[in-house]
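# Coordinates in review
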Amino acid sequence: HSHTHKHAPAPSTKSPNNTQNITMAEEPEWMQVQKRTFTNWVNLQLSQRGKRIEDLECDLIDGTTLINLVEVLTGKSVGKYRADVAVASGTATTKNRQARVHYMENIDKALNFLKTEEGVKLVNIAGEDIVKGNMRAILGLIWTLILKYHIAVGKDGKARTGGGGGGAGGAGGAGGAGGAGGADGAGGAKPITGQSAKAGIIAWVNSLIGKGTRYDLDIRNLTKDWLDGRALLALCDGMQSGLCFDWNKEQEPLARAKQGIKLAKDKLKVPDILNADDLGKDEFSVLAYLDFFRDNAEVAEEVCVEGQAAPTGSGAAKGVGSSNVRLTWGNNN
């Protein structure tokens, strides 16, 4: 079960209409992994308001959760909305036409706020998709939010730029939603794209555990190079020397992944949004997870800088972008 999984090709303009009828067994592995990871990421944000969701497919339907998520991420109010139509997790139904109208009003309010106030480019994502529980569109929307409000922003709140990865992400691959957009950063810096974010995190990981470090690993992707769990354990040790001195010892890949995720959570304050058996199965999920390591390293660095003892190998290659190659949601390689 450790093979990496290519996305099944699908039409890139219209999402399949029967997505909500797909059973778990029929969903491609990447979709199941993203659902788990992105749900955990959303809950991490919503916890600031004492809320949580169980299922991305149905729990965004009434629009109130989406509005809360947008408000938490942007730190702004979207204005008045229909909070009275909120339903308990897993119980939203679109059979009631009147309720459906209110759901759509809420969802459109959230999406329009992202577009007009925040400059987020939403490609192939309509309110209708969310009400219908169209999983590809929903995952595409959440990825766009992760990229803009988490990965493209350092822990200090300053924008990370995308190096040479120009422009906003294009229309999504496998029938999914578009890449992340957003207004150009200060001084005309290019906004970060999925592709430049991927290159940036790989360069950062290699600055800690790559060639020439005592770990001497060569991380080239966010999928197969992570499957055996060694890179994760090495990264934990690279972040805090001695945390996992036996990172290279013989053990099952799943045992390594579990150990790494637990160590990172307990010792490095990295939220465990990724399931151990999902490590290396979906690059978007791994990218979202690893970005918490980088955030925490930047905080540690600031503390060191104040004490004048910056760690070695730190701060290398923040946003190394590859020009004109875009990683849009829905296209793993």
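Heads up: the structure comes first, above all this text.
Described in the following lines is the structure provided in the data block. (Residues numbered from 1 in each chain as written. Predicted model: local features only at pLDDT ≥ 70, side-chain atom pairs only at ≥ 80, totals over all residues. Heavy atoms only, no water.)

### Here we look at the packing of helix H1 (residues 29-46) against helix H3 (residues 64-74)
Which entries qualify depends on this criterion: Fitted lines through C-alpha atoms serve as axes, helices being fitted only where they are in contact, and the angles separating the N-to-C directions of these axes extend from 0 to 180 degrees. Going along the chain from the N terminus, every DSSP run of H or I of four or more residues is numbered as a helix, and every run of E of two or more is numbered as a strand. Throughout this description, any angle smaller than 35 degrees is read as roughly parallel, any larger than 145 degrees as roughly antiparallel, any in the 65 to 115 degree range as roughly perpendicular, and the remainder as oblique. Each helix crossing is assigned a hand: it is left-handed if the near helix lies turned anticlockwise from the far helix by less than a right angle, otherwise right-handed if that turn is clockwise. By definition, residues are in contact when any of their heavy atoms lie within 4.5 Å. The nonpolar class holds Ala, Val, Leu, Ile, Met, Phe, Trp, Tyr, Cys and Pro. Asp, Glu, Lys and Arg form the charged class, and all remaining residues, Gly among them, are polar.
At their nearest, the axes of H1 and H3 sit 9 Å apart, and the two run at 70° to each other. Taken together, the axes of H1 and H3 are roughly perpendicular relative to one another. Pair H1 / H3 crosses with left-handed handedness. Mapping the contact onto sequence places Trp41, Val42, Gln45 and Leu46 in H1 and Thr65, Asn68, Leu69, Val72 and Leu73 in H3. Residues of the contact of H1 with H3, tallied by class, amount to 6 nonpolar, 3 polar and no charged.

### Thoughts on helix H4 (residues 97-116)
Put simply, the rule reads: Any helix carries an expected span of 1.5 Å times its number of residues minus one. Relative accessibility decides the category of a residue: with a 1.4 Å probe and only protein chains considered, values under 20% of the type maximum give buried, values over 50% give exposed, and everything between is partly exposed. Any pair of nitrogen or oxygen atoms within 3.5 Å is treated as a polar contact; in protein, a donor-acceptor pairing is required on top of that, and neighbouring residues in sequence qualify only through side-chain atoms on both sides.
With 20 residues, H4 extends 28 Å between its outermost C-alpha atoms, agreeing within 8% with the 28 Å of an ideal straight helix rising 1.5 Å per residue. Of all the residues in H4, the buried ones are Ala99, His102, Tyr103, Met104, Asn106, Ile107, Ala110, Leu111, Phe113 and Leu114. Where H4 is buried, its residues touch H3, helix H5 (127-132) and helix H6 (135-151). Put simply, Asn96 is the residue that caps the front of H4, since its side-chain oxygen is 2.9 Å from the backbone nitrogen of Gln98.

### Focus: H1
The end-to-end C-alpha separation of H1 is 26 Å, in line with the 26 Å expected for 18 residues at 1.5 Å each. A large share of H1 lies buried, amounting to 15 of its 18 residues.

### Observations concerning the side chain of His102
Here His102 is to be found in helix H4. Under the relative-accessibility criterion, His102 is labelled buried at 11%. Beyond its immediate sequence surroundings of up to four residues, His102 is in contact with Arg82 and Val85.

By themselves these figures say nothing about function.
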